[in-house]
Amino acid sequence: MTDNLQSLFQLRIREMGGWCEIVESLESVCALLGKKYAFDKNEIVFSGRVTKLLNGSKLTGVDVESIHPGDRREILAHAMVGITTCDGLIAETGTAVLVNHPSEPRELSLLPERHIVVATDDQLYESLNACLSRIKESYLAGSMPSLTLVSGPSRTSDIEKTLVVGVHGPKEFGVVVIGT
Amino acid sequence: MNLRASQFKANARIAAQDTGLRSKVKKATGTALTKRKQTVDELPEWESLRQQGHDIRKEVVDNIDRYLRSFTDAARLNGAIVHHANEHNDATKIIYDIIRRVSANSVVKSKSMITEELHLNRMLEENGIRVIETDLGEYIIQLAGETPSHITAPALHKSKEDIARLFQEKLNISYTDDPAVLTAVVRKRLRDEFLNTRVGISGVNFACADTGTITIIENEANARLCTVLPEVHIAVMSIEKIIPSFDDLSLFLKLLSCSASGQRMTSYVSMINGPRSSHNPDGPRQLHVVILDGGRRQLAKHPAWKEALYCIRCGACLNVCPVYQSVGGHVYGSVYPGPIGSVLTPTLFDMKEAQDLPFASSLCGACTDICPVKIDLHHHLLWERREVVDRGYKSFTEKIAMAVWRWMMLSAGRVEFAGRLGWLIQKVFGKNIPAPGWTPRRRFPALARRSFRSIMKREKNNDG
Amino acid sequence: MTLLRILGCDPQYDPRQTCCGQPAFNAGYHTDARLVAEHFVEVFKDAEEIVSLSGSCATMVKVFYPQMELTGALSETVGGITSKTFEITDYIVNQLGVTDLGLTYTGRVAYHDSCHIMRELRIVDEPRKLLRSVKGIELIELDLADRCCGFGGLFATKFPDISVAMGEEKLESIQRAKVDLVVGCDNSCLMHLQGLADKRGVNLKTKHIIEFLGDLIK
Ligand code: SF4
């Protein structure tokens, strides 16, 4: 079942112009991203939730919380990669569901040139409906944070229906899933 | 061209002969339809999703006051400031006041049909506020000083060469018609605007009555930038954007994404649950939701026409409409062109002014078949035609012609006589007698000397 | 008529008949349409079954009559009329259960879907079945098969330019299909297309399906 969901998720995200890699350990996440993005350390920014998820494994880059809030936008707007976690992956649509979180500001998935999500395979849902109702249930009325669904890179077809990737948001969207 | 609905006939005449326009519109709508079809074909449950969509939209429109109250309460609980506007002018005034109160003199704006309906940009600019449209299509349209010709693809009537020339002239860049380069130019120009503008205006695709969530779907990320970065976010919607529950979102996201762009899900969906607060660590400090009635509550009471309020503005009925494909969107003279525009413009705005629109359809029904919420679009056009006639907007000549026709049709003998007369006229004057409205570009068929009727009669007599 | 007789029916033609009322109905003149519709109901109320050569007229009776406010006794008869009215190919295939007429023809033929037949009556396969049963026929699907030809009754004369623009698209699709003949179930669409082709000097032949099949019998 999980295998099927994984391959469906991979198929869907590819259809939308994103990518998904499945790795087996926390170390391989760092290795994969390290190999893919040979940028300056300061050009890679990740969230506190990523640090927590990686649990000691070292990822090249800076934690967004270590940046002074006043400089944050400027730095993120020039960053090459923004790395976040998510609160659910949706197989039927190839979507990552991001819940607004104190250690993971929304700008991190929005301003850098690329947006990478690190997730675990137990976060995979078959349908969006299942994931959304799960999220809704876990908050009291009036206290649900804002959500962002990301299913691909920023794109447009406004000029003669020609697909162009990378309009105002990230030009690349990728998901690394940690399997057991 | 005087782009008013009352001028539809004249404008459509010109547009229909503009083969350049026709081929641009045909190409764009064709691509959109192909993509949609591919995705829908892979969804065996599509028909049942449409029915669910229809039923839920009906439920909302039938109980609009209750849902409006419940959405308002929920959004306020989330910390949003909710404003209700009865008239269009009330809404623009509310928006203007919000901007003034924070002493901003510019706004970044993402695509929204309701702000088009409000003519918001014109009003704000007349009052010294710079409006920066950030959706690529809207940016192009704003630069050209035009209005959108499609509800999801505003610059659909422009070729890449048109856009290249526009950018060359207005942005002082060297000529290029490469969509990727043109897009990059806009990205670069708008980046700083996003980072520095203090007020963002967006539309709303769906507003959940139970959680107060405002949902915005898009592909470019400009709506995210307009709703996350500024200090103040003003979300503008009309009352019928409400859906009963957060749990209905996945259904409507599917219906809308597939129908609008043939995607299972657009690149981005923002579900906004209030401004920055203890549970919402970032985002604007103020979230205003401006809700326009604009005649909709009244329309919701009409047993038939209320259906037009089910619309989720996917634009599929425009794409599939052979009339739209032939003339484009501008000639409708309304914010809402195409089949939904022809249905909505007379009933929501002005039936006298827009009386030609319900007639501007061959009633082929392609729109009704494609509509993700199963609005009986082409039959509504029929009922509206009746209303136009009942209100006496039709010419005297037409009324007389109709009376003569009826008189004839009530007796077989008169029909027979007319047939003979027609044959005789053709016999005497030849087949090419002019019939206005038909012969200038088509030939008339030859009428038979003896009608089917008389053949049948003779056969019967012989048998007997 | 001959065709129906061969199929074992006993068709009758009532010379009192005129029109179903659709032109007025589509023009918004519902009162006029109603009077003519009432005449129709009066003429046909005792018929066993009603078969129409025009899908559009069959649509008027089957789909729109029930939605009109017919008056008096006729309003009760209308339900019966509606359920016993059939478009001819629907009648042959689904009522008579005939799909093979045992005819032969050589040539490339396209079937034109009239919108009322396709979208109101949902008759799509029936005429195709009949045509496919003809030996030697090459039945071609148009690339714009589900697109309106632009006739639309009153529309064709109220908005001739749009109507013609739509017809041109259809005509081009027909030309791309390289067929000798276009067969349809509604003469009005065919008349529009034929008129357009003649004016433009395009070599196109159109025939009503029953005329086509009937000619093959002779
Ligand atoms: S009427 Fe239906 S098809 Fe047309 S825009 Fe609205 S939802 Fe889409």
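For every chain, the first residue of its written sequence is number 1, and the numbers climb from 1 along that sequence. Chains carry letters and ligands carry numbers; both start at the beginning, A for chains and 1 for ligands, and go up in the order they are written. Per-residue local features of the predicted model are confined to residues with pLDDT of at least 70, and side-chain atom pairs are confined, for both listing and counting, to 80 or more; whole-chain, interface and lining totals are unaffected and use all residues. Values shown for side chains rest on all heavy atoms present in the structure; no hydrogens or waters enter the calculation.

Let us look at the site of the ligand. The ligand sits among Ile151(B), Cys311(B), Ile312(B), Arg313(B), Cys314(B), Gly315(B), Cys317(B), Ile340(B), Cys371(B), Pro372(B), Ile375(B) and Leu377(B). Here the shell around the ligand is built from residues that sort into 10 nonpolar, 1 polar and 1 charged. One heavy atom within 4 Å of a molecule or strand makes the whole residue count as near it. Following the grouping adopted for this structure description, the nonpolar residues are Ala, Val, Leu, Ile, Met, Phe, Trp, Tyr, Cys and Pro, the charged ones are Asp, Glu, Lys and Arg, and the polar ones are all others, Gly among them.

A few words now on the sheet that holds strand E3 (residues 62–63) of chain A. Residue and element names in this part refer to chain A. If you walk across this open sheet you meet the 6 strands as E1-E12-E7-E4-E2-E3, and the pairing is parallel. This sheet does not close on itself; its edge strands, each paired only once, are strand E1 (19–23) and E3. Following DSSP output, two strands are said to pair if at least two bridges run between them. Each helix is a run of H or I in the DSSP string that is no shorter than four residues. Each strand is a run of E no shorter than two, and both are numbered from the N terminus. Across 5 bridges, the pairing between E1 and strand E12 (residues 172–178) is parallel. From the neighbouring strand, Cys 20 faces E12, where its bridge partner is Val 175.

The buried label goes to any residue with under 20% of its type's maximum accessible area, the exposed label to any with over 50%, and the partly exposed label to all in between, with areas taken from a 1.4 Å probe on protein chains only. For helix H8 (residues 136–144) of chain B, the tally of buried residues reaches 7 of 9 residues, placing the bulk of the element in the interior. Contacts between residues were defined by any pair of non-hydrogen atoms, one from each residue, lying within 4.5 Å. On its buried side, H8(B) packs onto strand E10 (155–156) of chain A together with helix H6 (113–118), strand E3 (130–133), helix H9 (160–171) and helix H10 (179–196) of chain B.

Residue and element names in this part refer to chain C. By definition here, a salt bridge exists when the distance from a side-chain nitrogen of Lys or Arg to a carboxyl oxygen of Asp or Glu is within 4 Å. Scanning all chains against the criterion turns up 49 salt bridges over all chains. For Glu 138, the salt bridge goes to Arg 108, with nearest N and O atoms at 3.1 Å. Of this pair, Glu 138 sits in strand E4 (residues 135–140) while Arg 108 sits in strand E3 (residues 104–112); the two residues are 30 residues apart in sequence, bridging distant segments of the chain. Relative accessible area serves as the criterion here: at 28%, Arg 108 is assigned to the partly exposed category.

Here we take up a nonpolar patch on the surface. Only residues whose relative accessible area exceeds 30% and that form no salt bridge are eligible for patches; like-charged ones are grouped when within 9 Å, while nonpolar side chains (Val, Leu, Ile, Met, Phe, Trp, Tyr) are grouped when within 5 Å. For every accessible area listed, the method is Shrake-Rupley and the probe measures 1.4 Å; residues are considered covered only by the protein chains on display. On the surface, a cluster of nonpolar side chains totalling about 310 Å² of accessible area is made up of Phe396(B), Ile400(B) and Val404(B). The topology assignment puts Phe396(B) in helix H19 (residues 396–409).

Turning our eyes to something else, we now look at the nonpolar core. Of all hydrophobic cores here, the largest spans 194 residues; its most connected members are Phe71(B), Ile99(B), Leu124(B), Ile234(B), Tyr65(C) and Ile162(C). Here this core takes 8 residues from helix H12 (residues 249–261) of chain B, the largest share from any one element. Dropping the residues within four chain positions of it, Ile99(B) is found in contact with Ala104(B), Val107(B), Leu124(B), Ile129(B), Val199(B), Ile201(B) and Ile234(B). To qualify as a nonpolar core, a set must consist of buried Ala, Val, Leu, Ile, Met, Phe, Trp, Tyr and Cys residues joined through side-chain atoms within 4.5 Å. Core analysis: the second largest hydrophobic core is formed by 51 residues, Val150(A), Ile163(B), Val185(B) and Leu190(B) among them.

It is worth spelling out the packing of aromatic side chains at this point. Aromatic pairs are defined between Phe, Tyr and Trp rings, using the six-membered ring for Trp, whenever the two ring centres lie within 6.5 Å; interplanar angles under 30 degrees are classed as stacked, those over 60 as edge-to-face, and all others as tilted. Counted by the stated rule, this structure contains 14 aromatic pairs over all chains. When the centroid spacing of 5.1 Å and the interplanar angle of 40° are considered together, the rings of Phe25(C) and Phe64(C) count as tilted. With Phe25(C) in helix H2 (residues 22–27) and Phe64(C) in helix H4 (residues 55–64), this pair connects stretches of sequence that are 39 residues apart. Pairing Tyr105(C) with Phe212(C) gives two aromatic rings, centres 5.0 Å apart and planes at 75°, and the pair type is edge-to-face. With Tyr105(C) in strand E3 and Phe212(C) in helix H12 (residues 209–217), this residue pair connects regions lying 107 residues apart in the sequence. Since its relative accessible area comes to 1%, Phe212(C) is described here as buried. Clustering of aromatic rings is evident, with ring pairs tying together Phe8(B), Tyr324(B), Tyr332(B), Phe155(C) and Phe159(C). Our definition puts a charge over a ring when NZ of Lys or CZ of Arg is within 6 Å of the ring centre and also within 35 degrees of the ring normal. Over the face of the ring belonging to Trp19(A) we find Lys36(A), whose NZ or CZ atom lies 4.1 Å from the ring centre. Sitting over the ring of Tyr268(B), Arg224(B) keeps its end group 4.7 Å from the ring centre.

All names here are of chain B. Between the first and last residue of a helix there are one fewer steps than residues, each counted as 1.5 Å, and that sum is the expected span. Over its 17 residues, helix H3 (residues 46–62) extends 24 Å from the first C-alpha to the last, a length consistent with the 24 Å expected when each residue adds 1.5 Å. All of the buried residues along H3 are Trp 46, Leu 49, Arg 50, Gly 53, His 54, Ile 56, Arg 57, Val 60 and Val 61. In the core, the buried residues of H3 are packed alongside helix H2 (19–41), helix H4 (64–77), strand E8 (242–243), H12, helix H13 (296–300) and helix H17 (366–370).

Residues and elements named next belong to chain C. For helices, the fitted axis covers only the stretch in contact; all axes are lines through C-alpha atoms, and the angles between them, taken along N-to-C directions, range from 0 to 180 degrees. At their nearest, the axes of helix H10 (residues 160–177) and helix H11 (residues 187–200) sit 10 Å apart, and the two run at 80° to each other. With respect to H11, the axis of H10 lies roughly perpendicular. Here Ser 163, Val 164, Gly 167, Glu 168, Lys 170, Leu 171 and Ile 174 of H10 come into contact with H11, specifically with His 192, Leu 193, Leu 196, Ala 197 and Arg 200. Of the residues that constitute the contact of H10 with H11, the class distribution is 6 nonpolar, 3 polar and 3 charged. Roughly parallel means an angle under 35 degrees; roughly antiparallel means over 145; roughly perpendicular covers 65 to 115; every other angle is labelled oblique.

Our focus in this paragraph is the sheet that holds strand E6 (residues 95–99) of chain A. Reading across from one edge, E8(A)-E5(A)-E6(A)-E9(A)-E9(B)-E6(B)-E5(B)-E8(B) is the order of the 8 strands in this open sheet, with mixed pairing throughout. Every interior strand has two partners, whereas the edge strands, strand E8 (124–125) of chain A together with E8 of chain B, have only one. Bridge analysis of strand E5 (residues 89–90) of chain A against E8(A) gives 2 bridges, and the strand direction is parallel. The residue bridging Leu89(A) from the neighbouring strand is Leu124(A), located in E8(A). Sheet contacts for helix H5 (residues 128–137) of chain A: E5, E6, E8 and strand E9 (147–150) of chain A together with strand E9 (268–272) of chain B; angle to E6(A), the most-contacted strand, approximately 10°.

All names here are of chain B. Interhelical geometry of H3 versus H4 gives an angle of 90° and a closest axis separation of 5 Å. With respect to H4, the axis of H3 lies roughly perpendicular. Contacts between H3 and H4 pair Glu 59, Val 60, Val 61 and Asp 62 from the former with Ile 64, Arg 66 and Tyr 67 from the latter. Split by residue class, the contact of H3 with H4 holds 4 nonpolar, no polar and 3 charged.

What follows covers the side chain of Arg36(B). All names here are of chain B. Here Arg 36 lies in helix H2. Counting rule applied: Lys, Arg positive; Asp, Glu negative; His and chain ends not counted. Within the buried set, Arg 36 has no salt-bridge partner at all; the shortest N-O distance to an opposite charge, 6.6 Å, is to Glu 47. Ignoring anything within four residues of it in the chain, the contact list for Arg 36 reads Trp 46, Cys 258, Ser 259, Gly 262 and Ile 370.

Before going further, it helps to examine the interface of chain A and chain B. Listed per partner, the contact involves 53 residues of chain A and 66 residues of chain B. When two components associate, each loses some accessible surface as probed by a 1.4 Å sphere; the sum of these losses over both components is called the buried area. Its largest share of buried area at the contact with chain B, chain A owes to Ile159(A), Lys161(A) and His168(A), together 17% of the area lost on that side. Counting across the interface, chain A meets chain B through 7 salt bridges. Taking the shortest distance from any N to any O, the salt bridge between Lys136(A) and Asp210(B) comes out at 3.0 Å. N or O atoms within 3.5 Å of each other form a polar contact, as long as, within protein, one can give a hydrogen and the other can take it, and as long as residues adjacent in sequence are counted only when both atoms are side-chain atoms. Our enumeration of links across chain A and chain B arrives at 31 residue pairs in polar contact (both at pLDDT 80 or more).

This part takes up the pairing of strand E10 (residues 286–292) of chain B. Residue and element names in this part refer to chain B. Counting buried positions along E10 gives 6 out of 7 residues, so the element sits mostly inside the fold. Across 5 bridges, strand E1 (residues 81–85) lies against E10 in parallel orientation. Bridging from a neighbouring strand, Val 82 pairs with Val 289 of E10.

Glancing now at the environment of Leu166(B). All names here are of chain B. Position of Leu 166 among the secondary structure elements: in helix H9. When its relative accessible area of 11% is taken as the criterion, Leu 166 is described as buried. The contacts of Leu 166, once residues within four sequence positions are left out, are Ile 140, Leu 143, Ala 144 and Leu 171.

What follows covers the confidence of the model for chain B. Predictor confidence is given residue by residue as pLDDT, running from a minimum of 0 to a maximum of 100. When pLDDT is averaged along chain B, the result is 90; 91% of the residues meet or exceed 70. Across the interface, the model reports ipTM at 0.96; the global pTM reads 0.92.

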